[in-house]
Number of protein chains: 2
Amino acid sequence: MAAAISPLAPKSFPELPEIAGVRFATGTAGIRCKDRTDVMLALFDKGTEAAGVFTKSKCPSAPVDWCRARLLAGKARALVVNSGNANAFTGKAGVEAVKLTAALAAKATGAPGNEIFLASTGVIGEPLDAAKFDSVLDKLFARADPDGLFEAAKAIMTTDTFPKVAAAHATLGGVEVSLTGMAKGAGMIAPDMATMLAFVFTDAPIAAAVLQSMLAKSVQTSFNAITVDSDTSTSDTLLLFATGAAAKRGAPKIVAPNDRRLAPFKQALDTLLLDLAHQVVRDGEGARKFVEVQVTGAASAASAKKIAFSIANSPLVKTAIAGEDANWGRIVMAVGKAGEKAERDRLAIWFGGVRVAHKGQRDPAYDEAKVSTLMRADEISIRVDLGLGKGEAKVWTCDLTKDYVAINGDYRS
Amino acid sequence: MAAAISPLAPKSFPELPEIAGVRFATGTAGIRCKDRTDVMLALFDKGTEAAGVFTKSKCPSAPVDWCRARLLAGKARALVVNSGNANAFTGKAGVEAVKLTAALAAKATGAPGNEIFLASTGVIGEPLDAAKFDSVLDKLFARADPDGLFEAAKAIMTTDTFPKVAAAHATLGGVEVSLTGMAKGAGMIAPDMATMLAFVFTDAPIAAAVLQSMLAKSVQTSFNAITVDSDTSTSDTLLLFATGAAAKRGAPKIVAPNDRRLAPFKQALDTLLLDLAHQVVRDGEGARKFVEVQVTGAASAASAKKIAFSIANSPLVKTAIAGEDANWGRIVMAVGKAGEKAERDRLAIWFGGVRVAHKGQRDPAYDEAKVSTLMRADEISIRVDLGLGKGEAKVWTCDLTKDYVAINGDYRS
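Presented here is a report on the structure given in the accompanying data block. (Residues numbered from 1 in each chain as written. Chains lettered and ligands numbered in written order. Predicted model: local features only at pLDDT ≥ 70, side-chain atom pairs only at ≥ 80, totals over all residues.)

## Digging into the interface of chain A and chain B
(1) Moving on: Between chain A and chain B, the residue contacts involve 59 residues of the former and 58 residues of the latter.
(2) Moving on: Breaking the side of chain A that touches chain B down by element, the ones donating at least two residues are helix H2 (91-109), helix H8 (315-322), helix H9 (328-337), strand E13 (361-362) and helix H11 (402-409) of chain A.
(3) Moving on: With 8 residues, the single largest contributor to the side of chain A that touches chain B is H9 of chain A.
(4) Moving on: For the side of chain A that touches chain B, the class distribution of residues is 22 nonpolar, 21 polar and 16 charged. (Contact = placed C-beta atoms within 7 Å. Helix = DSSP H or I, 4+ residues; strand = E, 2+ residues; numbered from the N terminus. Nonpolar A, V, L, I, M, F, W, Y, C, P; charged D, E, K, R; others polar.)

## Some points on the sheet that holds strand E5 (residues 116-123) of chain B
All names here are of chain B.
(1) Moving on: With respect to topology, 4 strands assemble into an open sheet ordered E1-E2-E4-E5, the strand pairing being mixed. Unpaired on one side and paired on the other, strand E1 (22-27) and E5 mark the two borders of the sheet. The sheet shows a mean angle of 10° between the axes of neighbouring strands, taken without regard to direction.
(2) Moving on: Running at roughly 130° to E5, helix H2 (residues 91-109) makes contact with strand E2 (39-44), strand E4 (78-85) and E5 of the sheet. (Pairing = 2+ DSSP bridges. Axes fitted to C-alpha atoms, helices over the stretch in contact; angles between N-to-C directions.)

## A short note on helix H9 (residues 328-337) of chain B
(1) Moving on: The element H9 of chain B is largely enclosed, with a buried count of 10 among its 10 residues.
(2) Moving on: Burial in H9 of chain B covers these residues: Trp328, Gly329, Arg330, Ile331, Val332, Met333, Ala334, Val335, Gly336 and Lys337 of chain B.
(3) Moving on: Structurally, H9 of chain B contributes buried residues whose contacts are with strand E5 (116-123) of chain A together with helix H7 (301-313), helix H8 (315-322), strand E11 (348-351), strand E12 (354-358) and strand E14 (379-385) of chain B.
(4) Moving on: Gly339 of chain B sits one or two residues past H9 of chain B and shows a positive phi near 80°. (Buried ≥ 20, exposed ≤ 12 C-beta atoms within 10 Å, placed from the backbone.)

## Considering the packing of helix H1 (residues 62-70) of chain A against H2 of chain A
Residues and elements named next belong to chain A.
(1) Moving on: Here H1 crosses H2 at 55°, and the two axes come no closer than 9 Å. Relative to H2, H1 is oriented oblique. When the axes of H1 and H2 are compared, the crossing they make is right-handed. Between H1 and H2, the residues in contact are Ala62, Pro63 and Trp66 and Gly94, Val95, Ala97 and Val98, respectively.
(2) Moving on: Classifying every residue of the contact of H1 with H2 gives 6 nonpolar, 1 polar and no charged. (Parallel < 35°, antiparallel > 145°, perpendicular 65-115°, else oblique. Left-handed = near helix turned anticlockwise from the far one by under 90°.)

## As for the sheet that holds E12 of chain B
Backbone hydrogen bonds are what pair the strands of a sheet, in a parallel or an antiparallel way.
All names here are of chain B.
(1) Moving on: Strand order across the open sheet formed by 6 strands is E13-E12-E11-E14-E10-E15, with mixed pairing between neighbours. Of all strands in the sheet, those bounded by a partner on one side alone are strand E13 (361-362) and strand E15 (391-398).
(2) Moving on: Note that strand E10 (residues 290-298) and E14 share 7 bridges and pair parallel. When the sheet's bridge partners are listed, Thr296 is paired in E14 with Asp385.
(3) Moving on: Together, E11, E12 and E14 form the strand contacts of helix H10 (residues 368-375), whose direction differs from that of E12 by roughly 115°.

What follows is the structure, given as structure tokens:
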């Protein structure tokens, strides 16, 4: 099932600046396979602040529950991530495994157990044998390196066909600060295979509550605006860690969410999260097309987003795109089924820049040959204007191909 | 793209009793292709009462709008159904086409135009040239036949691989009455191809308001409890016509929805609608497995149904079933993403009769070989118990195969 690198992968990897106060190491705990890198340790200097957003699943994994509880204090000294086992739907054994992992990480790093964050990805429902981390974490602690981000991004891959990393810079009170991030994910979830994890690191001195406020907002237009297959993992985790090391270079400590000096940082965070989120879609299982869906003129922004996702999740829209068919009838269908306010006779639809339908019917001027050419590209844009109000939203998805079915269904072949 | 008959098709067709007061005829209007049967006329004796339920799409087709308006009076004399063109997203031209079709049918049959019901299935967004019905409807009127149901069911097929018909009997005040029905549909929608239409006929003398009340209820556990691909047509239409002819044989006229004499009829209607709805799933595009999803122990019936559909629509659940994999981790995922009340540690999951998970973890007694055997069958049942309340629901779906992607995406191959 190991796939070639997605044709939609970025052509090159960015320069990844070291973030003062963060070190990485990777190793093999033998969680599922004996011979692959399956555990990543990130170490943070004392004083690092943390924020996070998680899956909305009503059946979250044990590590998700653990992290949510740790965020109440908002302090982080270490992050342990394993692949091979999601420690989800593992009941009390799962809770014990999380506690043991944190205890082992505390022993190895000297950090307090309640400042250790955890994430797991892999099989659902199998007990995680956390004792396997025992000897490994000591070694990782010993060799942790500020330059280890790229290797760390590779260690958390499952069905991903390429490691997902990003970097951004901003000024904070006139001082340059840096952000780096990594993500994994190829389907929204796939037990044995995939879930969405993302970790972002910065040297900016920003208090946890401020980080949380920015992250919750920024995620709405990035990780909460993408879909591969409409399925939601039990384990989706996005964590943001700020070491504050830039304070030594004169960066001001930010403690209020409305501090105006935050604007460039917010923008950098938005850019970085969107970059990582797009990379997840570009590595969507079986994906051959990267698709932007924009909805304008909706009754509200929430309504626009719901309609955009109705389009982006529609199997019939996604298969039409796989077939390079500008099937705007399926867009109409997806708008109609969203359950949001829509008036047939005000609807307009564009593929690329070409309007194919407006005022409740096919655009008479619509050039089918031109649209056919657009549909053969790797990147497709769809816009729907509802002609009702000012609500707008943009989401991203990929096409639905036979390879998606093969990746997720070909167990017996 | 013409497919072999679905492997899930019923092995035989039922006996179809003639319904006194109903006649059928089929013909060729040349709506999309010159040489295929594409129009069906059903004629009803004077006094026939009608009820209907329709797509919830916010962008319904012109015939759906037309039928909704006709139901205010609840009287029917004729039904005209065409395939080849859905007359959906056709703006004012669509409204004109509907009016013209009704006028032509009125001229051909002598019935008042506002007692004529219409349904269309086929391409979205192309104007329907209703003038083509002109000469055809006269001929159909002349040769309409009480025995024509089966041919009528064939005339409305699009990507269906088999005609869908059903029959049922009940007593009403001690007198036997009959019901027959037909349906078409293979995806919930697919412009150029599919939508869901169903028509039911009975000789029972039941007032329109009573029919409407029964139909609205019965549809909840039949047509509103199935999914092929989560996509909803702009044209879905279910109409029920009661000629009242059984009154001549002594059946009582029923005018109150709570009339106790209705109980056997209600049961027969439920059975017939469920039969037709199951046939639609059995003909689901690319389907190789017929899947029943039962949710018990939910906080409410509505919550149970939402969770059941979350499972039944999940691409990852459906591809796992295609792969004959009892991947209960994906069931947990689908329960979690439904957004309904659920507690991981109370959840239990069965494939067939075999419990694979309970109390938040894998069932230690779970026999994987036994479940593997079950998964190889044509019909799969999944049960989830939430352990919270008494809410229950049952829905039906099919697997997601490469053939679904091929049928809906292979335009260029």
